Amino acid sequence: MARRLIVLGRCPLCGKPVDQVPDGILRMHPHKNDCEMVVTRTGFKQYIHSSCWYKMIEEKRPYNGKLYM
C-alpha cells in the first residue's frame, strides 16, 4: 500500500499560510522564498516561514544573542 504524504501549509509559529514551493526549487534557491520545508517525526511535511524560524531562534538565544564566557 502506498502511503499518502500529508502536507501542512500553515506556519506553526505564526499560524499564517505559507507558499508551498516544490522541494527542488527550495534546494536550488533556498534564500529566494520566505519558506522552509521540514519533515516531522510523525512523517508530515511541514512548511515554515524562514523569517518566523529565525525570529524564534533569536528569541531563544541566551543573553540577547551575546555569548558570555
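Preceding this paragraph is the structure being described.
Since the structure is predicted, the reported quantities are computational estimates derived from the model, not experimental observations.

### Re the overall build of the protein chain
Along its length, the protein chain carries two helices and three strands. Counting only residues that meet the buried cut, the protein chain has 20% of its 69 residues in that class. In the protein chain, of all internal contacts separated by at least 6 residues, the share reaching a separation of at least 24 is 45%. For the protein chain, the computed accessible surface area is about 6,100 Å², with 57% contributed by carbon and sulfur atoms.

### Topic: the sheet that holds strand E1 (residues 7–8)
Taken in spatial order, the three strands of this open sheet run E1-E3-E2, and their pairing is mixed. At either end of the open sheet lies a strand with only one pairing partner, and these are E1 and strand E2 (36–39). Pairing between E2 and strand E3 (residues 45–48): four bridges, direction antiparallel. Residue pairing across strands places Met37 opposite Tyr47, the latter belonging to E3.

### Examining helix H2 (residues 50–60)
Restricting attention to buried positions, one finds in H2 the residues Ser50, Cys52 and Met56. Buried residues of H2, viewed axially, fall in a sector of 165 degrees; they line one side.

### Points about the layout of surface pockets
Here the largest pocket defines a volume of roughly 170 Å³. Taken together, Asp23, Leu26, Arg27, Pro30, His31, Asn33, Cys35, Glu36, Met37, Ser50 and Tyr54 make up the full set of residues lining the largest pocket. Listing elements by their share of the lining of the largest pocket, those giving two or more residues are helix H1 (23–28), E2 and H2. Looking at the lining of the largest pocket, the element that brings in the most residues is H1, giving three residues. Tallied by class, the residues present in the lining of the largest pocket amount to five nonpolar, three polar and three charged.

Scoring rules and cut-offs
- Residues numbered from 1 in each chain as written.
- Predicted model: local features only at pLDDT ≥ 70, side-chain atom pairs only at ≥ 80, totals over all residues.
- Heavy atoms only, no water.
- Helix = DSSP H or I, 4+ residues; strand = E, 2+ residues; numbered from the N terminus.
- Buried < 20%, exposed > 50% of the residue type's maximum accessible area, 1.4 Å probe, protein only.
- Contact = heavy atoms within 4.5 Å.
- Areas by Shrake-Rupley, 256 points an atom, 1.4 Å probe, with all protein chains shown as cover.
- Pairing = 2+ DSSP bridges.
- Arc of directions from axis to C-beta.
- 1 Å grid on protein atoms, 1.4 Å probe; cavity = no way out; pocket = protein on both sides within 12 Å on 5 of 7 lines; lining within 4 Å.
- Points joined across faces, edges and corners; volume = space filled by probe spheres on them.
- Nonpolar A, V, L, I, M, F, W, Y, C, P; charged D, E, K, R; others polar.

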